[in-house]
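Below are the chains, spelled out letter by letter.
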Amino acid sequence: MSTVSLIRAHSYHPKTLETSLTTLLEPWGGMAAFVKPGDRVLLKPNLLTGSRPTQECVTRPELVAVVAQQVIEAGGKPFLGDSPAFGSAFGVARANGYLPLIESLNLPIVEFHGKRYQTVSEGFDHLRLSKEAMEADVVINLPKVKSHAQLTLTMGVKNLFGCVPGKMKAWWHLEAGKDVNRFGEMLVETARAINPNLTILDGIMGHEGNGPVKGQPRELGILAASDQVFSLDRTMVEILQVNPSLIPTITASQRLGLCPELTDIHYPLLTPQELQVSNWKLPDVLVPIDFGAPRVLKSTLRHLYIRWIKEPIAAYSQK
């Protein structure tokens, strides 16, 4: 049976978070169960955007800081990485208040570079993924729970799409977006290839409504962790009381035999029923997943503008 650890958590204060994370990881024996001395540990938060820093669109830096500190205490060597849709990982991190964390822990932040990897998938014989993620000794996935205007919900599996480097993500919207089943399977196969050792979901504050960017913050008071990302996502759908058939990543993981039944998941602390959320807001209207060629071009130009013009100007003005 896979294990999903669930606790109530209402504060991002570092001392409180440290206690919460220790409790959350107790079922496995703490961070040392995942990180051995000398391990290079990728911390993969959701660094979606720098444009809405107060709207809970990204994983909170306070949570990442506590995870990084526990990795260091276990003897690991953490580094931070992501491939935002627009801009650089460093630029988005800076816009969302990550710099004090990076400086206090001397935490390297890396930009992802793509490499072609063979997969065990029948539908995708290879995927272009971040070599920094694939070559890390340990991957700790740190998603934010959010509603999503294309995929209904984004959680642990969707967060690993950030391990697809650069504008390759836009290409996947162009190539697979016309078939929601194929797009969902691509996301699931990406998650299976990355195979995170641990997923810790930031559900203290979520983002509901027209997410992943244009919704609103909502306090949930939940932290969740699992060594099986598909089990964690299935659990969160139950907590939010959303029909799993509406979530392409859930249905794809079920078709591929990767998503367990709730009865096959072990809950050593709280259960989904004890944490259920009422009236979680989904997007008003779902928008198409597919990107036409003009949209891909526009997206690419916006990304280049933010990364090579807007971010350098912002950094220079702060000096």
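Refer to the preceding data block for the structure.
Quick question: what am I supposed to make of unusual backbone geometry here?
Excluding glycine, residues mostly carry a negative phi; peptide bonds, for their part, are mostly trans. For the bond from Gly-211 to Pro-212, the omega torsion is 15°, close enough to zero to count as cis. Note on placement: Pro-212 falls in the loop between strand S10 (198-208) and strand S11 (216-226). The phi angle at Thr-152 is positive, at roughly 75°, despite the residue not being glycine. Along the polypeptide, Thr-152 turns up in strand S9 (residues 152-154).

Would you mind going over helix H10 (residues 248-255) with me for this structure?
Helical geometry note: an α-helix holds 3.6 residues per turn, so side chains three or four residues apart project in the same direction. In terms of residue burial, H10 counts as a mostly covered element, since six of its eight residues are buried. Turning to H10, its buried residues number three or more, namely Pro-248, Thr-249, Ile-250, Thr-251, Ala-252 and Ser-253. Where H10 is buried, its residues meet helix H6 (156-159), helix H8 (180-194) and helix H9 (229-240). Positive phi appears at Gly-257, one or two residues downstream of H10, with a value of about 75°.

Just to check I follow, could you spell out the nonpolar core for this structure?
The nonpolar side chains of a soluble globular protein tend to be buried, and buried together. Met-31, Leu-43, Val-67, Ile-140 and Ile-200 are the most contacted members of the largest nonpolar core, which totals 38 residues. The set of elements that each furnish at least two residues to this core consists of helix H1 (14-25), strand S2 (40-45), helix H2 (61-73), helix H3 (89-95), helix H4 (99-104), strand S7 (138-142), S10 and S11. Among all residues touching Ile-140, those that are not within four sequence positions of it are Met-31, Val-41, Leu-42, Leu-43, Lys-44, Val-67, Val-71, Leu-198 and Ile-200. Counting 26 residues, the second-largest nonpolar core is a separate cluster that includes Leu-42, Tyr-117, Val-157 and Cys-163.

What counts as what
- Residues numbered from 1 in each chain as written.
- Predicted model: local features only at pLDDT ≥ 70, side-chain atom pairs only at ≥ 80, totals over all residues.
- Heavy atoms only, no water.
- Helix = DSSP H or I, 4+ residues; strand = E, 2+ residues; numbered from the N terminus.
- Buried < 20%, exposed > 50% of the residue type's maximum accessible area, 1.4 Å probe, protein only.
- Contact = heavy atoms within 4.5 Å.
- Core = buried A, V, L, I, M, F, W, Y, C linked by side-chain atoms within 4.5 Å.

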